[in-house]
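# Fold and geometry: a report
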Amino acid sequence: MNRFTSRPLTATAMTVVALTVGTTACSSGDGTTSATAQDDGSYTIWDPYPQFDKGSDWAKLLDGCGSKAGVKIKRTAFDTSDLTNKALLAAQQDNSPDVLILDNPVVSTLAEAGVLSTTDENKVDTSKVDPNLLAAGQAGGKTYGTPIGANTLALYYNKDVLKAAGVDIASVKGWKSLTAALAKVKKAGKKGITFSAIGTEEGSFQFLPWFWGAGAKLTELGSSQAVSALSLWSDWLKKGYAPNSVINNTQTTSWQEFMSGDYAFAENGTWQLAGAEKAGFDYGVLPVPGADGGNAAAPTGGEFVTVPVQGDTGRYATTRKLVSCLTSTENLYDTDTTLSYVAPTSEVQDKQVATDAELKPWVEAVKAAKGRTSDDLGTKYPRISEQLWKAVQSALSGSKSPKEALTAAQDAVK
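Residues numbered from 1 in each chain as written. Predicted model: local features only at pLDDT ≥ 70, side-chain atom pairs only at ≥ 80, totals over all residues. Heavy atoms only, no water.

Our focus in this paragraph is the overall build of the chain. When helices and strands are counted, the chain shows 19 helices and 11 strands. Its C-alpha atoms give the chain a radius of gyration of 22 Å, within 12% of the compact-globule value 22 Å for 414 residues. Taking the principal axes of the C-alpha coordinates as reference, the chain spans close to 70 × 50 × 35 Å. Of all intrachain contacts in the chain linking residues separated by at least 6 positions in sequence, the fraction that spans at least 24 positions is 77%. Measuring between centres, the 39 positive side-chain charges of the chain sit 5 Å from its 44 negative side-chain charges. (Helix = DSSP H or I, 4+ residues; strand = E, 2+ residues; numbered from the N terminus. Rg over C-alpha atoms; globule rule 2.2 N^0.38 Å. Contact = heavy atoms within 4.5 Å. Lys, Arg positive; Asp, Glu negative; His and termini not counted. Charge placed at Lys NZ, Arg CZ, Asp CG, Glu CD.)

What follows is about the nonpolar core. W210, F211, L218 and W236 are the most contacted members of the largest nonpolar core, which totals 54 residues. For this core, the secondary-structure elements that each account for two or more residues are β7 (153-158), α8 (159-165), α9 (175-187), α10 (201-213), α11 (224-238), β9 (263-269), α18 (381-397) and α19 (402-413). With 8 residues, α11 is the single largest residue contributor to this core. Contacts of L218, omitting those with residues within four sequence positions, involve L208, F211, W212, R372, L377, Y381, I384 and L388. The next biggest cluster of nonpolar side chains, apart from the first, holds 29 residues, and it includes I45, V99, V305 and V309. (Core = buried A, V, L, I, M, F, W, Y, C linked by side-chain atoms within 4.5 Å. Buried < 20%, exposed > 50% of the residue type's maximum accessible area, 1.4 Å probe, protein only.)

Further remarks concern the sheet that holds strand β6 (residues 146-147). Ordered by their spatial adjacency, 5 strands build an open sheet running β2-β1-β3-β11-β6, and the pairing between neighbours is mixed. Each edge of the open sheet carries a strand with a single partner, namely β2 (73-77) and β6. By the bridge criterion, 5 bridges tie strand β1 (residues 43-47) to β2 in an arrangement that is parallel. Considered in β2, the bridge of W46 is made with T76. Relative to the sheet, helix α3 (residues 57-69) contacts β1, β2 and β3 (99-103), its axis offset from that of β2 by approximately 150 degrees. (Pairing = 2+ DSSP bridges. Axes fitted to C-alpha atoms, helices over the stretch in contact; angles between N-to-C directions.)

Everything listed is a geometric property; what it means functionally is a separate question.
Dropping the structure here:
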């Protein structure tokens, strides 16, 4: 029986594994473990899509890629929150899957833990992937996988509300013009903008386009640029351009506010497109503007296709065929359409826009987007993010000024 011999796990990874031994997974496969799968010559794939059962197009794609590579696929689907812990545990037990599809911020965590092989080792081709998207899977100058698709944030807007307020959306090119538009909307008796500023990763995720749009860096939370971004949000609440509910809003509840038809703008993601079509009012999409114009970098969501470390490196040749099949131009288009993702390559992005012109602003937003763990932040990001959302909460609640909140956040990170 061939068994995987993974790199030694870090102490942090071992701690996580110890805490999660008793957890269970949601599976759409037959529950076969990786080691058992190797016994019968099959290859295993773990993914975070339990919503897709055995009869889904996604499952059929996996089986089809296996057939092309001449192997049988054994797939297990986990909830996203459970997949990281399961992957760490499997690596500790030398029982990793052949292909592991992960939420992109998790890639650096598993890479640092020694769970993932690099593209230099497994020879997966990433040459067609947009560099800004690939960066989310890079750490220490090495690349650990390839994105299967990306989503990000932009501003949805209600055309009827803006028209009634006398706002030309073409005039919104930066923060000054956006704030002026919000003032007109309020004067017209409607509501300005809603977003999520909740004290979790969702809050940081939604704040980052404004943070980066000001030119701020995650390594310098207390900078004047960071303060200007938080002051923007704080001032919007003080002037009534954004509701106090944003402090507790998730992306779902802020979307529900927008769907009421009373708001001019809502910051949200590609995953709301289907709901927007059923809104009952005419809407448009605008990339989040930078402070002085242009498109701000919004954080990328979406998954990476990675290859866990294997003692039998001879398996990489077939695994590479599987990854290449899953991320081929033809299959990426179908998969990203199903997942409401923007493709990670310009070639497929062009095809998406040609098919659906309404995806153009989303493609533009993704091209300007940035991975949360980019800039070689890797596993430092979660700690920085926690202090960032705490600062946002403090400033929006009025307990601290934006400058005081962000200075405290920077001190806490240090």
